[in-house]
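Here are the chains, one letter per residue:
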Amino acid sequence: NAGVMQNPRHLVRRRGQEARLRCSPMKGHSHVYWYRQLPEEGLKFMVYLQKENIIDESGMPKERFSAEFPKEGPSILRIQQVVRGDSAAYFCASSPRRGLQETQYFGPGTRLLVL
Amino acid sequence: AQTVTQSQPEMSVQEAETVTLSCTYDTSESDYYLFWYKQPPSRQMILVIRQEAYKQQNATENRFSVNFQKAAKSFSLKISDSQLGDAAMYFCAYRSGSGGSNYKLTFGKGTLLTVNP
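Residues numbered from 1 in each chain as written. Chains lettered and ligands numbered in written order. Predicted model: local features only at pLDDT ≥ 70, side-chain atom pairs only at ≥ 80, totals over all residues. Heavy atoms only, no water.

A. Looking closely at the state of the cysteines. Residues and elements named next belong to chain A. Taken as a whole, this structure holds two disulfides over all chains when the rule is applied. Across a sulfur-sulfur distance of 1.7 Å, Cys-23 and Cys-92 are joined as a disulfide pair. With the S-S dihedral at roughly -45°, the linkage between Cys-23 and Cys-92 falls on the left-handed side. One end of the pair, Cys-23, is in strand β3 (residues 19-24); the other, Cys-92, is in strand β9 (residues 88-95), and 69 residues separate them in sequence. Residue Cys-23 shares its accessibility class with Cys-92, and that shared class is buried. (Disulfide = S-S within 2.5 Å. Helix = DSSP H or I, 4+ residues; strand = E, 2+ residues; numbered from the N terminus. Buried < 20%, exposed > 50% of the residue type's maximum accessible area, 1.4 Å probe, protein only.)

Below, the structure is given as structure tokens:
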């Protein structure tokens, strides 16, 4: 059973460009969570999605950031008009369901560098 | 809001020795979960151990064990017989056990563990 997959692993963008980060959850998992890790910080929650639904986006900046998890295909975190402050590691996690017993399994992360 | 504090930015241990990493948290809830995650140089986040607050018994996973002190809101990780592969950043994390946001993990800033041969 493959783990959570994220691609690309490393992404370099110039200021003003768009960044698209992809996350394929573990097989059988329909819940996806995105976290951001700024340099020398712990991970911070951004958004929680189920298939075709955004459940909680309270941790995501209101502008330039969006996320989706379509019926088919991976979850996408999209950052428009990137700025240097967006440079960070973005982690995706998945769980089979939302229940209290569920553990979130993390992917390897995407390192975004904005020049 | 819940907060998680790891007061040791860096720790070191000799191979085969025991080391304890500290974590404290602040919450007004009685039902919650605590976790230790490991982030090796590959940067992959790996779950090390998990503790349910309603359980009095401390969780154990092979060489990893926790000392959960609910009244003191303390959750330390003990690594016995340290191995070179244990070298990593260790994050303590909290998750509410009730309410509408019982899926959000709140992380501390991490403790960088070095294992000396």
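B. Representation of the interface of chain B and chain A in the model. At the junction of the two partners, chain B supplies 25 residues and chain A supplies 24 residues. If you sort the residues of chain B by the area they bury against chain A, Arg-43, Tyr-103 and Phe-107 of chain B come out on top, with a joint share of 28%. Where chain B meets chain A, there are two salt bridges. The closest approach of N and O atoms between Asp-56 of chain A and Lys-104 of chain B, which form a salt bridge, is 3.5 Å. Counting across the chain B and chain A interface gives twelve residue pairs in polar contact (both at pLDDT 80 or more). Those elements giving two or more residues to the side of chain B that touches chain A turn out to be β5 (32-39), β6 (46-52), β10 (88-96) and β11 (105-107) of chain B. Looking at the side of chain B that touches chain A residue by residue, the classes come out as nine nonpolar, ten polar and six charged. (Contact = heavy atoms within 4.5 Å. Buried area = accessible area lost by both parts, 1.4 Å probe. Salt bridge = Lys/Arg side-chain N within 4 Å of Asp/Glu carboxyl O. Polar contact = N/O pair within 3.5 Å; in protein donor to acceptor, adjacent residues only side chain to side chain. Nonpolar A, V, L, I, M, F, W, Y, C, P; charged D, E, K, R; others polar.)

C. Quick peek at the packing of aromatic side chains. On inspection of all chains with the given rule, the structure shows 16 aromatic pairs over all chains. A centroid spacing of 5.5 Å and a plane angle of 50° characterise the contact between Tyr-35 of chain A and Phe-106 of chain A, whose relative ring orientation is tilted. With Tyr-35 of chain A in strand β4 (residues 31-37) and Phe-106 of chain A in strand β10 (residues 105-106), this pair connects stretches of sequence that are 71 residues apart. Neither residue differs from the other here; Tyr-35 of chain A and Phe-106 of chain A are each classed as buried. Both rings, one in Tyr-25 of chain B and one in Tyr-32 of chain B, keep their centres 5.3 Å apart while their planes meet at 65°; by these two values the pair is edge-to-face. Take Tyr-25 of chain B and Tyr-32 of chain B: they sit in the same class, and that class is buried. Taken together, Tyr-33, Tyr-35, Phe-45, Tyr-48 and Phe-106 of chain A together with Phe-35, Tyr-37, Phe-91, Tyr-103 and Phe-107 of chain B form an aromatic cluster joined through their ring pairs. The ring of Tyr-33 of chain B has Arg-95 of chain B sitting right over it, with the charged end atom 5.1 Å from the ring centre. (Phe/Tyr/Trp six-rings, centres within 6.5 Å; stacked < 30°, edge-to-face > 60°. Lys NZ or Arg CZ within 6 Å of the ring centre and 35° of its normal.)

D. Representation of the side chain of Thr-110 of chain A in the model. All names here are of chain A. One can find Thr-110 in strand β11 (residues 110-114). A polar contact of 2.6 Å, which involves the side chain of Thr-110, links it to the backbone oxygen of Pro-8. If we skip the residues at most four places from it in the chain, Thr-110 touches Gln-6, Asn-7, Pro-8, Arg-9, Leu-11, Leu-21, Ala-88, Ala-89 and Tyr-90.

E. View of the nonpolar core. If you look at the biggest cluster of nonpolar residues, it comprises 25 residues, and the most contacted ones within it are Tyr-25, Trp-36, Phe-75, Leu-77 and Tyr-90 of chain B. Within the residue set of this core, elements represented by two or more residues are β3 (19-21), β5, β6, β8 (64-69), β9 (74-79), β10 and β12 (111-116) of chain B. A total of four residues in this core trace back to one element, the largest contributor, which is β10 of chain B. Those residues in contact with Tyr-90 of chain B that sit more than four places away from it in its chain are Gln-6, Leu-21, Trp-36, Tyr-37, Lys-38, Val-48, Phe-64, Leu-77, Ile-79, Gly-110, Thr-111 and Leu-113 of chain B. If you look at the next biggest cluster of nonpolar residues, it comprises 23 residues, including Val-32, Val-47, Phe-65 and Phe-69 of chain A. (Core = buried A, V, L, I, M, F, W, Y, C linked by side-chain atoms within 4.5 Å.)

F. The sheet that holds β3 of chain A, seen in detail. Residues and elements named next belong to chain A. With antiparallel pairing, the four strands of this open sheet are ordered in space as β1-β3-β8-β7. Each edge of the open sheet carries a strand with a single partner, namely β1 (5-7) and β7 (65-68). Averaged over all pairs of adjacent strands, the angle between strand axes in this sheet comes to 15°, irrespective of strand direction. (Pairing = 2+ DSSP bridges. Axes fitted to C-alpha atoms, helices over the stretch in contact; angles between N-to-C directions.)

G. Representation of the pattern of salt bridges. Tallied over the entire structure, the rule returns ten salt bridges over all chains. Two residues, Arg-64 of chain A and Asp-86 of chain A, come together in a salt bridge whose shortest N-O distance is 2.7 Å. Taken together, the residues span a long stretch of sequence, with Arg-64 of chain A in the loop between β6 (53-56) and β7 and Asp-86 of chain A in the loop between β8 (75-79) and β9 at a distance of 22 residues. Residue classification places Arg-64 of chain A among the partly exposed residues on the basis of a relative accessible area of 25%. Residue classification places Asp-86 of chain A among the buried residues on the basis of a relative accessible area of 2%. Between Glu-52 of chain B and Arg-50 of chain B there is a salt bridge, with its nearest N and O atoms 3.3 Å apart.

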